[in-house]
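A structural walkthrough
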Amino acid sequence: MFKKLLIAGICAAVLVGAGTGLWVWQGLGSLSRPVILVEPVLFNVPGGTAFSEVARQLETRGLIEKSFWVRVYGRLFPDQARIKAGEYEFTDGMTAETMLEKMVAGDTKHWSVQFIEGWTFSDMRAALSATDRLEVLTSEWTDAQIMKAVGAEGEHPEGRFFPDTYLFTSSESDLDLLRRSFQRMESVLSEEWAGREEGLPYDNAYEALIMASIVERETGAPHERGQVAGVFVRRLQKGMRLQTDPTVIYGMGDKYKGKIGSRDLRTHTPYNTYRINGLPPTPIALPGREAIHAALHPDPGKTLYFVARGDGTHKFSSTLAEHQKAVRAFQLNRRSDYRSSPAPEKEEKE
């Protein structure tokens, strides 16, 4: 009798164990089942959140069926329970396992903001303030406060930040992006300055940056950057004024309403290159690497003038007579004081 009871007990234990094993196997198997989502879901894990709480939130948000099995999974595989804080994006077809892998890897959701070549620092600040998901710390700061925060106390901000597309997470601020952009420009300028051509009319890399910003603003045609830089470099070498509209516009500030009049060309500002010799005191925009490279590797030649054709490109000339002919051909119907290029030599000695 005892033997029969023992055998029956063993059989029952085996059946219970088998049933339990099947139950566990099925439960853990549910973690490999794809979730159906109509649209991506953002899931935030604050710093210091316990794994069990993450599991509970996954169930509450309808991303998993039972948080119990996620907790069991975390016990069986401790490495898969070491999730990192941050905001994550879960999409249709993901499983609980892939969600956990994403959080363990710290593969957080990234957003982006773009700084465009030719923008001013003011444009850049406005873009940061209008960027969703980005913590804005500097909206009430002065430019001087920002430059101090990025490690350039007392320096002018214009042109000191590299234009590019920057990715960021929800844990970053506008100051983080400003620091990254500033450091990137420092790196790019240093690299380009180290490989510069000999005999250029710049005393330092900052002057090259000023020239690059003018080149950036003067032409939107990539193949013309070297030609434009060549014209301006030769004018500097000959002691001629640059006489370029973008510097005048920058010096006008808020007074610029889309047109430059003869009075504006005569008004003395530190940036009016119709009235000052040499380069303006600071850059006038954010130059990209190509403009910086052009400023440090200007095209050789004899051209000293250029005028807009009206199609985004320019006609380059070596002599005043050629330039005047080009002006008549391409700018006949424009206002008489319009300038899209350095003015003729006879106007430089006003």
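Below you will find a few notes about this structure.

1. Considering the pattern of salt bridges
Taken as a whole and judged by the stated rule, the model has 14 salt bridges. Its salt-bridge partner being glutamate 155, residue arginine 160 comes within 2.3 Å of it at the nearest N-O pair. With a closest N to O distance of 3.7 Å, glutamate 216 and arginine 225 form a salt bridge. Here glutamate 216 matches arginine 225 in class, with each residue buried. One network of salt bridges, in which partners are shared, links Glu155, Arg160 and Glu186.

2. Topic: the packing of helix α2 (residues 51-60) against helix α3 (residues 67-76)
Two numbers describe how α2 lies on α3: the axes approach to 8 Å, and their chain directions differ by 150°. Taken together, the axes of α2 and α3 are roughly antiparallel relative to one another. Classified by chirality, the crossing of α3 by α2 is right-handed. Contacts between α2 and α3 involve Phe51, Ser52, Ala55, Arg56 and Glu59 from the first element and Ser67, Val70, Arg71 and Gly74 from the second. Here the contact of α2 with α3 is built from residues that sort into three nonpolar, three polar and three charged.

3. Structural notes on the nonpolar core
With 51 residues, the main nonpolar core has Val150, Phe161, Leu178, Tyr202, Met211 and Ile292 as its most contacted residues. Secondary structure elements with two or more residues in this core: β3 (111-114), α5 (121-129), α6 (143-149), β4 (165-168), α7 (174-194), α8 (205-218), α9 (225-237) and α12 (289-296). Counting residues per element, this core draws most heavily on α8, at eight residues.

4. Comments concerning helix α13 (residues 320-331)
Taking 1.5 Å per residue as the helical rise, α13 with its twelve residues ought to reach 16 Å, and the 15 Å between its terminal C-alpha atoms agrees with that figure. Within α13 the residues assigned to the buried category are His323, Ala326 and Gln331. Mapping the buried residues of α13 onto a view down its axis gives an arc of 90°, with all of them on the same face. Turned more than 90 degrees off the buried face of α13, the exposed positions are Ala321, Lys325, Arg328 and Ala329. Structurally, α13 contributes buried residues whose contacts are with β5 (305-308) and β6 (314-317).

5. Observations concerning the packing of aromatic side chains
As enumerated under the stated definition, the model contains ten aromatic pairs in all. With a centroid separation of 5.0 Å and 50° between ring planes, the pair formed by tyrosine 73 and phenylalanine 77 is classed as tilted. With a centroid separation of 5.0 Å and an interplanar angle of 20°, the aromatic rings of phenylalanine 121 and phenylalanine 161 are classed as stacked. Of this pair, phenylalanine 121 sits in helix α5 while phenylalanine 161 sits in the loop between α6 and β4, placing them 40 residues apart in sequence. Judged by relative accessible area, phenylalanine 161 falls into the buried class, the value being 0%. Grouping aromatic residues by their ring pairs yields a cluster made of Phe121, Phe161 and Phe182.

6. Looking at the environment of alanine 55
Of note, alanine 55 is situated in helix α2. For alanine 55, a relative accessible area of 0% gives the class buried. For the pair alanine 55 and valine 70, spaced 15 residues apart in sequence, the C-alpha separation works out to 6.0 Å. Discounting chain neighbours no more than four positions away, the residues touching alanine 55 are Ile64, Ser67, Val70 and Arg71.

7. Let's talk about the packing of α8 against α12
Packed helices, taken two at a time, are described by their axes: the angle between them and the distance between them. Across the interface, α8 lies against α12 with an axial gap of 8 Å and an inter-helix angle of 115°. The element α8 and its partner α12 pack so that their crossing is right-handed. Two secondary-structure elements touch here, α8 through Ala208, Leu209, Met211, Ala212 and Glu216 and α12 through Ala291, Ile292, Ala295 and Leu296.

Cut-offs and rules
- Residues numbered from 1 in each chain as written.
- Predicted model: local features only at pLDDT ≥ 70, side-chain atom pairs only at ≥ 80, totals over all residues.
- Heavy atoms only, no water.
- Salt bridge = Lys/Arg side-chain N within 4 Å of Asp/Glu carboxyl O.
- Buried < 20%, exposed > 50% of the residue type's maximum accessible area, 1.4 Å probe, protein only.
- Axes fitted to C-alpha atoms, helices over the stretch in contact; angles between N-to-C directions.
- Helix = DSSP H or I, 4+ residues; strand = E, 2+ residues; numbered from the N terminus.
- Parallel < 35°, antiparallel > 145°, perpendicular 65-115°, else oblique.
- Left-handed = near helix turned anticlockwise from the far one by under 90°.
- Contact = heavy atoms within 4.5 Å.
- Nonpolar A, V, L, I, M, F, W, Y, C, P; charged D, E, K, R; others polar.
- Core = buried A, V, L, I, M, F, W, Y, C linked by side-chain atoms within 4.5 Å.
- Expected span 1.5 Å × (residues − 1).
- Arc of directions from axis to C-beta.
- Phe/Tyr/Trp six-rings, centres within 6.5 Å; stacked < 30°, edge-to-face > 60°.

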